[in-house]
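Residue-level structure breakdown
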Amino acid sequence: MNNSAYQTLGFESLDGGVCLLTINRPASLNALNSATFTDLAHALERVAGDDEARVLLITGAGEKAFVAGADISEMQAMTAVEAMALSQTALRVFRQLELLPIPVIALVNGYCLGGGCELALACDWIIASESAVFGQPEVNLGITPGFGGTQRLSRLIGPARAMEMIVSGRQVKADEALAWGLVNHLYPQERLMPEALAMADLIRQKGPLAIALSKQAIVRGQGLDLDSACQIESQSFGLCFSSDDQEEGVAAFLEKRKPVFKGV
Ligand code: DAK
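Summarised in this report is the structure supplied together with it. (Residues numbered from 1 in each chain as written. Predicted model: local features only at pLDDT ≥ 70, side-chain atom pairs only at ≥ 80, totals over all residues. Heavy atoms only, no water.)

1. Remarks on the packing of helix α5 (residues 149–157) against helix α6 (residues 159–168)
Threshold: The convention used is that axes are lines fitted to C-alpha atoms, helices contributing only their stretch in contact, and that angles between N-to-C directions extend from 0 to 180 degrees. Put simply, DSSP H or I for four residues or longer makes a helix, DSSP E for two residues or longer makes a strand, and each gets a number counted from the N terminus. Any angle between 65 and 115 degrees counts as roughly perpendicular, while under 35 counts as roughly parallel, over 145 as roughly antiparallel, and the rest as oblique. By definition, turning the near helix anticlockwise from the far helix through less than a right angle yields a left-handed crossing, and turning it clockwise yields a right-handed one. The contact criterion used is simple: two residues touch if any of their non-hydrogen atoms lie within 4.5 Å.
As a packed pair, α5 and α6 sit with axes 7 Å apart at the nearest point and diverge in direction by 135°. The angle between the axes of α5 and α6 places the two elements in the oblique class. The chirality of how α5 crosses α6 is right-handed. Within the contact between the two elements, α5 uses G149, T150, L153, S154 and I157 and α6 uses P159, R161, A162, M165 and I166.

Next up, the structure:
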């Protein structure tokens, strides 16, 4: 069912708790403008407040691009103060995305450049079509990445590879992105959505609370030293033992049946 009311996004609730967000500005290869960030913030609130939501998929409309960057036409007349305000908005929205309590998968179906690559990096992992192209080409425009790219890209693929991508602005093809660990899996374009839905189906059968706590430990642990990060894990682990889901999961295993999790 398409229940989208957005100017720049498609928002659909599919069966099995799957939410699908489609960046929908195909005439500009789904470039992110200010309206997109407003729409995204609102849509993410909806997802966060939806108790039935289990997985969020994010993709781009059409077959040519996931997102070809921030909208360059909007940048032309921007003052320094406006540019920083936009960067702050984008950082806030991408962090909102990163902190959702459900897994978020980016389905990269073509160009994934600049702000588009930064959007994909704020998702939990990326799957891509074999023809996808990644890049941080901001240096071509005389600017730096401004939506978290210098940090999230370095953390994911290491500083040397991130440095190469960012200072050269070169386009990285899908197979290289896979080898570098930027992408988890590559599929033919037409398999991208079915494979994402199959993964969503697998996730949906697991305990939602355990998923939310695992995700939180991974995301919040990224910025911490090992000892502090492991403390988050330990507390999450302990918390699970106050949940119905933990009782159900263990009982189901011992009774040789499938668990029925409720997320509490
Ligand atoms: N913004 C606006 N329009 C774009 C666009 C973009 N990023 N990318 C493509 N388009 C538009 C094209 O202008 C064209 O529009 P029309 O001429 O048809 O009206 C249409 O999409 C189709 O594009 P092309 O005709 O160029 O298609 P091609 O197949 O020939 O080339 C391409 C595809 C992806 C290689 C090419 O379009 C391209 O190089 N696009 C730009 C890629 C890029 O440089 N992206 C921006 C990276 S920089 C900020 C913080 C961060 C950022 C910005 C500001 N602040 C804090 C203020 C981040 C910036 C970036 O993302």
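2. So, the packing of helix α9 (residues 208–221) against helix α10 (residues 226–240)
The criterion, for reference: Gly is placed with the polar residues, together with every amino acid not listed as nonpolar (Ala, Val, Leu, Ile, Met, Phe, Trp, Tyr, Cys and Pro) or charged (Asp, Glu, Lys and Arg).
Across the interface, α9 lies against α10 with an axial gap of 9 Å and an inter-helix angle of 170°. Taken together, α9 and α10 sit at an angle that is classed as roughly antiparallel. Contact with α9, carried on its side by L213, A217, R220 and G221, involves A229, I232, E233, S236, L239 and C240 of α10 and no other residues of that element. Of the residues contributing to the contact of α9 with α10, the split by class is six nonpolar, two polar and two charged.

3. Notes on the nonpolar core
Soluble globular proteins tend to pack their nonpolar side chains together in the buried interior. Note the following rule: Nonpolar cores are built from buried Ala, Val, Leu, Ile, Met, Phe, Trp, Tyr and Cys residues. Side-chain atoms within 4.5 Å join them into one set. Burial here depends on accessible area, computed with a 1.4 Å probe over protein chains only, as a share of the maximum for the residue type. Under 20% is buried, over 50% is exposed, and the range in between is partly exposed.
L56, L97, V108 and F134 are the most contacted members of the largest nonpolar core, which has 51 residues in total. The residues contacting L56, other than those within four sequence positions of it, are C19, L20, L21, L44, V47, L97, L100, I102, P103, V104 and I105. The next biggest cluster of nonpolar side chains, apart from the first, holds 13 residues, and it includes L20, Y187, A200 and I211.

4. So, the sheet that holds strand β2 (residues 18–23)
Stated precisely, the cut-off is as follows: Strands pair, by our definition, only if DSSP identifies at least two bridges between them.
Across the sheet, which stays open at both edges, the six strands sit in the order β1-β2-β3-β5-β7-β10 with mixed pairing between neighbours. Taken across any chain shown, the strands that pair with only one partner, and hence form the sheet edges, are β1 (9–14) and β10 (185–187). The sheet shows a mean angle of 20° between the axes of neighbouring strands, taken without regard to direction. Of the strand pairs in this sheet, strand β7 (residues 125–129) and β10 are connected by three bridges, and their pairing is parallel. The partner of S129 across the bridge, within β10, is Y187.

5. Describing the side chain of T22
Mapped onto the elements of the fold, T22 is located in strand β2. On the basis of relative accessible area, T22 is assigned to the buried category, the value being 14%. With residues near it in sequence (within four places) discarded, T22 still touches T8, L9, G10, T59, G60 and A61.

6. Observations regarding the pattern of salt bridges
Under the convention used in this document: We define a salt bridge as a contact between a side-chain nitrogen of Lys or Arg and a carboxyl oxygen of Asp or Glu at a distance within 4 Å.
A complete count under the given rule lists 11 salt bridges for this structure. Residue D201 is joined to R204 by a salt bridge in which the shortest nitrogen-to-oxygen separation is 2.5 Å. On the criterion of helical spacing, the pair formed by D201 and R204 is a turn pair, its members being three residues apart in helix α8 (residues 192–204). Judged by relative accessible area, D201 falls into the partly exposed class, the value being 32%. For R204, a relative accessible area of 40% puts it in the partly exposed group. With a shortest N-O distance of 2.7 Å, R257 and E248 are connected by a salt bridge. Given the relative accessible area of 17%, E248 is considered buried.

7. Observations concerning the site of the ligand
For clarity, the cut-off: It suffices for a single heavy atom of a residue to lie within 4 Å of a molecule or strand for the residue to be listed as near it. Whenever two N or O atoms come within 3.5 Å, that pair is a polar contact, provided that in protein one can donate a hydrogen and the other can accept it, and provided that, for residues adjacent in sequence, both atoms are side-chain atoms. Areas reported here follow the Shrake-Rupley algorithm with a probe of radius 1.4 Å; residue values treat only the protein chains shown as occluding.
Lining the immediate environment of the ligand, one finds 25 residues, of which K64, A68, A70, A83 and G115 sit closest. Between the ligand and K64 there is a distance of 2.6 Å, counted from an oxygen atom to a side-chain nitrogen or oxygen. Between the ligand and A70, the relevant distance is 2.8 Å, taken from an oxygen atom to a main-chain nitrogen or oxygen of the residue. Protein chains bury 65% of the 1,100 Å² of accessible surface belonging to the ligand in isolation. When contributions to the shell around the ligand are tallied by element, the ones reaching two or more residues are α2 (72–75), α3 (80–98) and β6 (111–113). Tallying contributions element by element places α3 first for the shell around the ligand, with three residues. Split into classes, the residues belonging to the shell around the ligand amount to 16 nonpolar, six polar and three charged.

8. Structural notes on the environment of E164
Structurally, E164 is set in helix α6. For E164 and Q136, which are 28 residues apart along the polypeptide, the C-alpha to C-alpha distance reads 9.8 Å. The contacts of E164, once residues within four sequence positions are left out, are G169, R170 and W180. A polar contact is formed between the side chain of E164 and the side chain of R170, at a distance of 2.8 Å.

Everything listed is a geometric property; what it means functionally is a separate question.
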